[in-house]
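# Geometric and topological summary
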Amino acid sequence: MSDRMQELIESPRVAPSILSADFAKLGAQVEEVMDAGARVIHFDVMDGRFVPPITIGPLVLASIAEQVHSAGGVVDVHLMIAEPDRHIEAFAEAGADSITFHEEATPHAHRTLAAVRELGCLAGVAINPGTPVEAVRELRGMADIVLCMTVNPGWGGQSFIATSPDKVERLAPLVGDARIEVDGGVDPGTAGSLAAAGARLLVAGSAVFGADDPAAAYTEIAAAADAA
């Protein structure tokens, strides 16, 4: 499905993050936001090492991948884990369409990006708020997605880092044809400035699934970013 993912991210997109979903009704909530127009479902993975919390893994991904794909969507996996090379194959087999790992988590980012592509997924690299944008300069042409964290990774519902749009602007000239993704604190009040700065994939978790009406919340954020 990487071709479908590539097609979808040609246009600005809001990607609801299931990290903030109610896992007792995960399938229903995924269906709700996809019925509202979402086509990229963001899947956050934390291991208790790279970041303190432990979240979800390939088994949960496999449980929703067919549902997402059948509705014309894709799954965007974000690995906030140590030693990502050890796990990318399992996520690809479970149905990932893109796999993003953290530049800070491996000394072999080139090798990991190449391995993700060999598995048939789009390859992404993420940088933390404290990591300079220049960290991805040597990865130009290797990454399909460059994720700029707009909160410190580890927990949903954090406050947006106000300098993030400026960082996205500084990142844009360094990434070549890659699409810039942002993750953290995305809501109707921040989505517009991030999109204007150059972000094309905006991850929204608590602002969508923490709302009384996730579908309406998704629609409002997408409108603010002039995105789908």
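The structure displayed is predicted, hence computed values, not measured ones. Once a new chain begins, its residue numbering starts again from 1 and follows that chain's sequence as written. With the structure being a predicted model, the display of local features is reserved for residues of pLDDT at least 70 and the display and counting of side-chain atom pairs for 80 or more, all residues being used for whole-chain, interface and lining totals. Remark: hydrogens and water are excluded; side-chain values derive from all non-hydrogen atoms of the structure.

## Digging into the overall build of the protein
The test is simple: Helix and strand definitions here come from DSSP, where helices need a minimum of 4 consecutive H or I residues and strands a minimum of 2 consecutive E residues; each element is numbered from the N-terminal end. Using C-alpha atoms as the atom set, the radius of gyration is obtained and then compared with a globule rule of 2.2 Å times the number of residues to the power 0.38. Think of it in three bands: with a 1.4 Å probe and only protein chains considered, a residue is buried below 20% of the maximum accessible area for its type, exposed above 50%, and partly exposed in between. Any two residues whose heavy atoms approach within 4.5 Å are treated as being in contact. Using a 1.4 Å probe, the Shrake-Rupley method yields the accessible areas, and only the shown protein chains count as cover for residues. Only four residue types enter the tally: Lys and Arg on the positive side, Asp and Glu on the negative side; His and the chain ends are excluded. For this purpose, a charge sits on NZ of Lys, CZ of Arg, CG of Asp or CD of Glu.
If you tally the helices and strands in the protein, you get nine helices and eight strands. The globule rule puts the C-alpha radius of gyration for 228 residues at 17 Å, and the 16 Å found for the protein is close to it. The principal-axis extents of the C-alpha atoms in the protein amount to approximately 40 × 35 × 35 Å. Across the 228 residues of the protein, 53% fall into the buried class. In the protein, 67% of the contacts between residues at least 6 apart in sequence involve partners at least 24 apart. Of the accessible surface of the protein, which amounts to about 9,200 Å², a share of 48% is contributed by carbon and sulfur atoms. Within the protein, one finds 14 positive and 32 negative side-chain charges whose respective centroids are separated by 5 Å.

## A closer look at the side chain of Ser164
As a reminder, the rule being used: A 3.5 Å cut-off defines polar contacts: any pair of N or O atoms within that distance qualifies, except that in protein one atom must be a possible hydrogen donor and the other a possible acceptor, and neighbouring residues in sequence count only when both atoms are side-chain atoms.
Note on placement: Ser164 falls in helix α6 (residues 164–171). One polar contact links the side chain of Ser164 to the main-chain carbonyl oxygen of Ile161, over a distance of 2.7 Å. Sequence-distant contacts of Ser164, defined by excluding residues within four places in its chain, comprise Thr150 and Leu194.

## What about the sheet that holds strand β6 (residues 145–149)?
Worth spelling out the cut-off: Any two strands are treated as partners once DSSP identifies two or more bridges connecting them. Convention adopted: a line fitted to C-alpha atoms gives each axis, helices being fitted over their contacting stretch, and angles between N-to-C directions are expressed from 0 to 180 degrees.
If you trace the eight strands from one edge of the open sheet to the other, you get β1-β8-β7-β6-β5-β4-β3-β2, paired in parallel fashion. A strand with exactly one partner marks an edge of an open sheet, and here the two such strands are β1 (13–16) and β2 (40–46). For this sheet, the mean inter-axis angle between neighbouring strands, taken without regard to orientation, is 25 degrees. As paired strands, β1 and strand β8 (residues 201–204) are joined by four bridges and run parallel to one another. Note that in β8 the partner of Arg13 across the bridge is Leu201.

## Digging into the pattern of salt bridges
Opposite charge on two side chains permits them to pair, given that their charged atoms come into close proximity. Using the following cut-off: Whenever a carboxyl oxygen of Asp or Glu lies within 4 Å of a side-chain nitrogen of Lys or Arg, that contact is scored as a salt bridge.
Within this structure, the stated rule accounts for six salt bridges. Between Arg170 and Asp166 there is a salt bridge, with its nearest N and O atoms 3.0 Å apart. Here Arg170 pairs with Asp166, and both are found in helix α6, just four residues apart, close to one helical turn. For Asp166, a relative accessible area of 39% corresponds to the partly exposed category. Residues joined in a network through salt bridges with shared partners are Arg49, Glu83 and Arg86.

## Quick notes on the nonpolar core
The following threshold applies: Among the buried residues, those of types Ala, Val, Leu, Ile, Met, Phe, Trp, Tyr and Cys that are joined through side-chain atoms within 4.5 Å form a nonpolar core.
Of all hydrophobic cores here, the largest spans 61 residues; its most connected members are Ile18, Phe43, Val77, Ile99 and Leu171. In this structure Leu171 touches Ile127, Val133, Val136, Val146, Cys148 and Ile180, once residues within four positions along its chain are discounted. Core analysis: the second largest hydrophobic core is formed by ten residues, Leu8, Ile9, Ala15 and Val203 among them.

## Things to note about the layout of surface pockets
The criterion, for reference: The rule is simple: put a 1 Å grid over the protein atoms alone, call a set of points where a 1.4 Å probe fits but cannot get out a cavity, call an open set with protein on both sides within 12 Å along at least five of seven lines a pocket, and count a residue as lining if it has an atom within 4 Å of a point. Grid points are joined across faces, edges and corners, and a volume is the space filled by probe spheres set on the points. Each residue receives one of three labels: charged for Asp, Glu, Lys and Arg, nonpolar for Ala, Val, Leu, Ile, Met, Phe, Trp, Tyr, Cys and Pro, and polar for the others, Gly being one of them.
Taken as a whole, the largest pocket holds about 250 Å³ of empty space. Forming the boundary of the largest pocket are 25 residues, of which Gly156, Gly157, Asp183, Gly184 and Gly185 lie nearest the centre. Sorting the residues of the lining of the largest pocket by element identifies β2, β8 and α8 (206–209) as the ones contributing at least two each. A per-class count over the lining of the largest pocket returns eleven nonpolar, eleven polar and three charged.

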